[in-house]
Amino acid sequence: MNRAGGPFYHLRALHAARARWRPFRDALGAFLAESFPSATSLIVVGPSAAYCIPDEFLARFSAVTALEPDRVARFLLARRLGRLGVSSIDFVAEDRLVAPLVSGGPALDALLDASPGRAVLFSNVLGQIRFLLSDPDFEKWQAGWTQRIAPRLAGRPWASFHDRVSAAVPPRVTMPHRTFRRLEDAELGRFFYAEREGRVELYDHLTDGLFPVEAPHAYFHWELEPGAHHLVEGVRGGAPVSQVIES
């Protein structure tokens, strides 16, 4: 029951996904197609009902395992995947991403070990972690990610899209803005916010250090709701980089 998920999010998504979110959704689809050019099975972490992910991308997979605690989201996503012809659909309802990495309990690493080579997508979830944990627990979570999750992404196609910063004004970005590396904070301001009048207050979602800096990245504008603008960062690994250009 928070604004990052649950009933509030579903109501917002049903109202906005087909119009306000469409530019982000279309650009994200191109990025995801580049990230998983040949994968046929997918582990998707925190997708909700995958409102931001195009049907064309999801329909490419014969098997999808979704880690999603929201029962309404599981119902909606299962119905959608079935309609798209995904033949094998599994859900993990228990938290495998947040609390276990703080406490040392069973986490996503066990599923990754059991599914070597299977593609993994972190679906707009990692930028929310900082709002779910206290500062000390967030530091433990970061350490758990570094020790238990990041090493297990090697040798498989993977990608994440997540909130990098958010603000009350939109960034100036042609989507997707592709780069060969992660942009530094000063570059974000110069590339996407420099021409704004007055001071722009950016809220950092603290996703630095989760993925290799020298990996293909992309940047998107997501207007979550009027007056709430997110600069979403995409990053990928384990797929060809020939289509990535410095913008």
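Residues numbered from 1 in each chain as written. Predicted model: local features only at pLDDT ≥ 70, side-chain atom pairs only at ≥ 80, totals over all residues. Heavy atoms only, no water.

Caption draft 1: Spatial organisation of the nonpolar core. Counting residues in each nonpolar core, the largest one holds 34 residues, and the members touching the most others are Phe36, Phe57 and Leu121. The element that contributes the greatest number of residues to this core is helix 2 (residues 22-35), accounting for five residues. Formed by 26 residues, the second largest nonpolar core is a distinct cluster that contains Ile43, Ala107, Phe138 and Phe211. (Core = buried A, V, L, I, M, F, W, Y, C linked by side-chain atoms within 4.5 Å. Buried < 20%, exposed > 50% of the residue type's maximum accessible area, 1.4 Å probe, protein only. Helix = DSSP H or I, 4+ residues; strand = E, 2+ residues; numbered from the N terminus.)

Caption draft 2: Focus on the pattern of salt bridges. In total, this model carries ten salt bridges according to the counting rule given. Taking the shortest distance from any N to any O, the salt bridge between Arg22 and Asp26 comes out at 3.0 Å. Note that Arg22 and Asp26 are positioned in helix 2 at a spacing of four residues, about one turn of the helix. Under the relative-accessibility criterion, Asp26 is labelled partly exposed at 43%. A single salt-bridge network, built from bridges that share partners, covers Arg164, Arg182, Asp185 and Glu233. (Salt bridge = Lys/Arg side-chain N within 4 Å of Asp/Glu carboxyl O.)

Caption draft 3: Region of the structure containing helix 2. Relative to the 20 Å expected for 14 residues at 1.5 Å per residue, helix 2 spans 20 Å between its end C-alpha atoms, a close match to the ideal helical length. Within helix 2 the residues assigned to the buried category are Phe24, Arg25, Ala27, Leu28, Gly29, Phe31, Leu32, Glu34 and Ser35. (Expected span 1.5 Å × (residues − 1).)

Caption draft 4: Here's a closer look at empty space enclosed by the protein. Considering all chains together, one arrives at two cavities of 30 Å³ or more under this definition. Counted as a void, the largest cavity has a volume near 40 Å³. In terms of lining residues, the largest cavity is bounded by Val44, Pro47, Ala50, Ile53, Leu58, Val64, Leu77 and Leu81. A breakdown of the residues in the lining of the largest cavity according to their chemical character gives eight nonpolar, no polar and no charged. The computed volume of the second largest cavity comes to approximately 30 Å³. For the second largest cavity, the full set of lining residues is Arg182, Thr207, Gly209, Leu210, Phe211, His217 and Glu233. Partitioning the lining of the second largest cavity into residue classes produces two nonpolar, three polar and two charged. (1 Å grid on protein atoms, 1.4 Å probe; cavity = no way out; pocket = protein on both sides within 12 Å on 5 of 7 lines; lining within 4 Å. Points joined across faces, edges and corners; volume = space filled by probe spheres on them. Nonpolar A, V, L, I, M, F, W, Y, C, P; charged D, E, K, R; others polar.)

Structural measurements only, silent on function.
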